[in-house]
Amino acid sequence: MTLRKKVLITIGITFFGLISILYFTSRNVLLESLNHIEEENISQDVKRTLDIFSNELVKLDELTSDWASWDDTYEFIVDNNKKYIEANLVDDTLTALKLNFIIFVNLSGQIVFCKGFDLHNEEEIPIPEDLVKEHLFRNSPLIRHESTESSTNGLLLLPESILLIASRPILTSKDEGPIRGALIFGRYLDDAEINRLAKIIHLPLTVSRFNDSQISSDFQTARSYLSKNGSIFIRPLSEKSIAGYALLRDIYGNPALLLRVEKPRVVYQQGKTTIYYFVLFLIGACLASCIVAMLSIEKQVLSRLANIGKTVSTIATTGSLSERISVGGKDELSRLGKNINEMFEKLDQTQKELRATEKKYRELVENANSIILRIDINGRITFFNEFAQTFFGYSADEILGSNVADTIIQEKDSSGANFMTVIEDMKRHREPYTNFESENIRRNGEHVWIAWTSKAIYDKNGGMAEILFVGNDITGQKRMEAELLKAQKLESIGILAGGIAHDFNNILTAMLGNITLAKMDLKPEDKVFQRLAEAEKASLRAKDLTQQLLTFSKGGAPIKKTVLIQELIKDSVNFTLTGIITGTKK
């Protein structure tokens, strides 16, 4: 990769990193602030919605109170007169009051009068049966009022509907007792009612039962949070909308409904748009800065460096150190060109001195009467003097560049030594000189022993570059050492054999004596006598073997005599079978 490309990439990465840092920093700071503002706004909207719900219940409770604290109602709960019904409890009254049902209950818990009405279809409907059976019992908070100021209002869940309900004690117009019963007003919290409330807050409003198992995942998350923490739960639904959730309880204090208020994320979207334009501005500014920087670097640095590189490349190609670099100016690059010119002058002088030294060294090495070779760190032969060529049978053209392990040395010699292990030790321990012996092989396959002296050659960085080996043939000396060792081993074996034979002969003498004495106490026809005779014969054979060992230990020639092969086989078989039988009996 060229320097120009590296500079361009470096500048590009720098500006990209700067843009990324500014983008993510501004995004996190700005969007975090906008998220907080959005959460505050939606929280206020949820609170406003809860206030509207409370206000609706307050209105319903006040309406119930107005009707319950009325002399006509106070008389009606006792006499149940039709005039009161005809004058007050007609369909138009429920429509005007926006009520779905009215229930009059006396102190005994009996319903004196009740009426249901469908506000949308404008027709009379029955009172929900579940309301009467499950919630209008004697001690129900909807019926039982302990004082004249008592009131019950809130939500009530039925299997098929949700109610806004209020109950007040029936009193005189002066709010005096005694209490004669309870008046209950109710309104369905249906889709129409929810849409009416949504229009008031000007936001989408959704209500779901708290114990509904089919609610969406966002309601499930809100339910889990509100069950433990209460208050208000806020969660973004998407990049474009955010929602606030609240929990509504029924008249018994149990969780009843989950309320969700949705709101467009206008502030958040505006923040993202602002960040988008900010990033575009940064990219444009960085591109302009990058172009200016590249033009300046190209003129002041890169073009001048290219000129220096071109001159150095020409010198490297031609090998002529007489060329010089021409760089104008008085900055660092001009000083670099001057230093390179001085370096070329010194290299030219050094090269001449090296050639003279190398000529002397080569003449000395080529005329030496020792094996001299050099190998690189991979084991390839880089130098092989004339004496080595004659000794191993390889010419310089054949051997140079070959691996030493494939030509003049074995992986392991007969002594188990490894030539390449020596090289690896020199790499690790950096020993200046190493002396060792190894078994080598000539081109004709002859094995020879050479005593080597090796020296590591290091490069300017201190790393091992090559190894110089100087070796002398010690094959004759090794053979003499081997013969001497063989003679010493034979002498040791003879001494050992003589000692063993002498001790064994003493044991056999005692055995033969005891066998002879045992035979004297037996008759020749006895079976044991025959066994003893066989043992005596075997002992005599062992005695002959002992005598042979003694003869070997003294260096005498082996005793040879003629025997009948039939007798030899018979004696061997009997001796073997006797041993087998004896072992079987044991």
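Before reading further, recall that the structure is shown in the block above.
Residues numbered from 1 in each chain as written. Predicted model: local features only at pLDDT ≥ 70, side-chain atom pairs only at ≥ 80, totals over all residues. Heavy atoms only, no water.

**Q** Could you clarify how one ought to interpret the overall build of the protein chain in this entry?
**A** Secondary structure summary: the protein chain contains 15 helices and 15 strands in total. The globule rule puts the C-alpha radius of gyration for 586 residues at 25 Å, and the 59 Å found for the protein chain is more than 25% above it. Structurally, the protein chain occupies a C-alpha span of about 160 × 120 × 35 Å along its principal axes. For the protein chain, with 586 residues in total, the buried portion stands at 35%. Pairs at least 24 residues apart make up 56% of the contacts formed inside the protein chain by residues separated by at least 6 positions. Per element, the accessible surface of the protein chain, about 35900 Å² overall, is 56% carbon and sulfur. Here the protein chain holds 70 positive side-chain charges and 76 negative ones, and the gap between their average locations is 10 Å. (Helix = DSSP H or I, 4+ residues; strand = E, 2+ residues; numbered from the N terminus. Rg over C-alpha atoms; globule rule 2.2 N^0.38 Å. Buried < 20%, exposed > 50% of the residue type's maximum accessible area, 1.4 Å probe, protein only. Contact = heavy atoms within 4.5 Å. Areas by Shrake-Rupley, 256 points an atom, 1.4 Å probe, with all protein chains shown as cover. Lys, Arg positive; Asp, Glu negative; His and termini not counted. Charge placed at Lys NZ, Arg CZ, Asp CG, Glu CD.)

**Q** Sorry if this is basic, but what is going on with helix 6 (residues 191-201) here?
**A** The α-helix advances 3.6 residues per turn, and as a result positions three or four apart in sequence lie on the same side. For helix 6, every residue scored as buried is listed here: Glu193, Ile194, Leu197, Ala198 and Ile201. Viewed along the axis of helix 6, the buried residues span an arc of 140 degrees, placing them on a single side of the element. Looking at the residues trailing helix 6, positive phi occurs at His202, about 60 degrees. (Arc of directions from axis to C-beta.)

**Q** Where do I start with the side chain of Ser241 in this structure?
**A** For Ser241, the location among the structural elements is in strand 9 (residues 241-249). With a relative accessible area of 16%, Ser241 lands in the buried category. In this structure, Ser241 is in contact with Pro236, Lys263, Pro264 and Arg265, ignoring residues within four places of it in sequence.

**Q** How should unusual backbone geometry be read in this particular structure?
**A** Across residues other than glycine, the phi torsion is negative in most instances, and most of the peptide bonds are trans. Of note, the amide linkage connecting Gly177 to Pro178 takes the cis form, showing an omega dihedral of 5 degrees. As for its position among the elements, Pro178 is in the loop between strand 5 (162-169) and strand 6 (181-188). At Asp175, a residue that is not glycine, the phi angle is positive and equals roughly 60 degrees. As for its placement among the helices and strands, Asp175 is situated in the loop between strand 5 and strand 6.

**Q** Sorry if this is basic, but what is going on with the pattern of salt bridges here?
**A** Oppositely charged side chains may form a pair once their charged atoms are brought near each other. As enumerated under the stated definition, the model contains 18 salt bridges in all. Its salt-bridge partner being Arg265, residue Glu38 comes within 3.0 Å of it at the nearest N-O pair. Of this pair, Glu38 sits in helix 1 (residues 3-68) while Arg265 sits in the loop between strand 10 (255-264) and helix 8 (266-318), placing them 227 residues apart in sequence. Across this residue pair, the class does not change: Glu38 and Arg265 are buried. Asp91 is paired through a salt bridge with Lys115; the nearest N and O atoms lie 2.7 Å apart. On the criterion of sequence distance, the pair formed by Asp91 in helix 4 (residues 91-97) and Lys115 in strand 2 (residues 111-118) is long-range, its members being 24 residues apart. In this structure Asp91 comes out as partly exposed when scored by relative accessible area, which is 30%. (Salt bridge = Lys/Arg side-chain N within 4 Å of Asp/Glu carboxyl O.)

**Q** What am I meant to see in the environment of Asp130 here?
**A** Of note, Asp130 is situated in helix 5 (residues 129-135). Note on Asp130: relative accessible area 31%, which makes it partly exposed. Considering only alpha carbons, one finds Asp130 and Glu160, 30 residues apart in sequence, at a separation of 9.1 Å. Setting aside residues no more than four positions away along its own chain, Asp130 makes contact with His135, Leu158 and Pro159.

**Q** I keep staring at the packing of aromatic side chains and nothing clicks. Help me out?
**A** The relation between two aromatic rings is expressed through the spacing of the ring centres and the mutual angle of the planes. Evaluated as defined, the whole model comprises 16 aromatic pairs. With a centroid separation of 5.9 Å and 65 degrees between ring planes, the pair formed by Trp67 and Phe185 is classed as edge-to-face. Placement of the pair is Trp67 in helix 1 and Phe185 in strand 6, with a sequence separation of 118 residues. In terms of burial, Trp67 and Phe185 fall into one category: buried. Judged by centre distance (6.5 Å) and plane angle (15 degrees), the rings of Phe387 and Phe391 are stacked. (Phe/Tyr/Trp six-rings, centres within 6.5 Å; stacked < 30°, edge-to-face > 60°.)

**Q** Just checking my understanding: could you explain the pairing of strand 12 (residues 381-384) for this structure?
**A** Side-chain direction in a regular strand flips from residue to residue, so the side chains alternate between the two faces of the sheet. Taken together, the three bridges between strand 11 (residues 371-376) and strand 12 define a ladder with antiparallel strand orientation. Counterpart to Leu373 in the pairing with strand 12 is Phe384. Two successive antiparallel strands, strand 11 and strand 12, enclose a turn made up of four residues, where Gly379 displays a positive phi of approximately 90 degrees. (Pairing = 2+ DSSP bridges.)

**Q** Just to check I follow, could you spell out the environment of Ile111 for this structure?
**A** Relative to the helices and strands, Ile111 is located in strand 2. On the accessibility criterion, Ile111 (32% relative accessible area) is partly exposed. Considering only alpha carbons, one finds Ile111 and Lys360, 249 residues apart in sequence, at a separation of 134 Å. If we skip the residues at most four places from it in the chain, Ile111 touches Ile103, Phe104, Val105, Val132 and Leu136.

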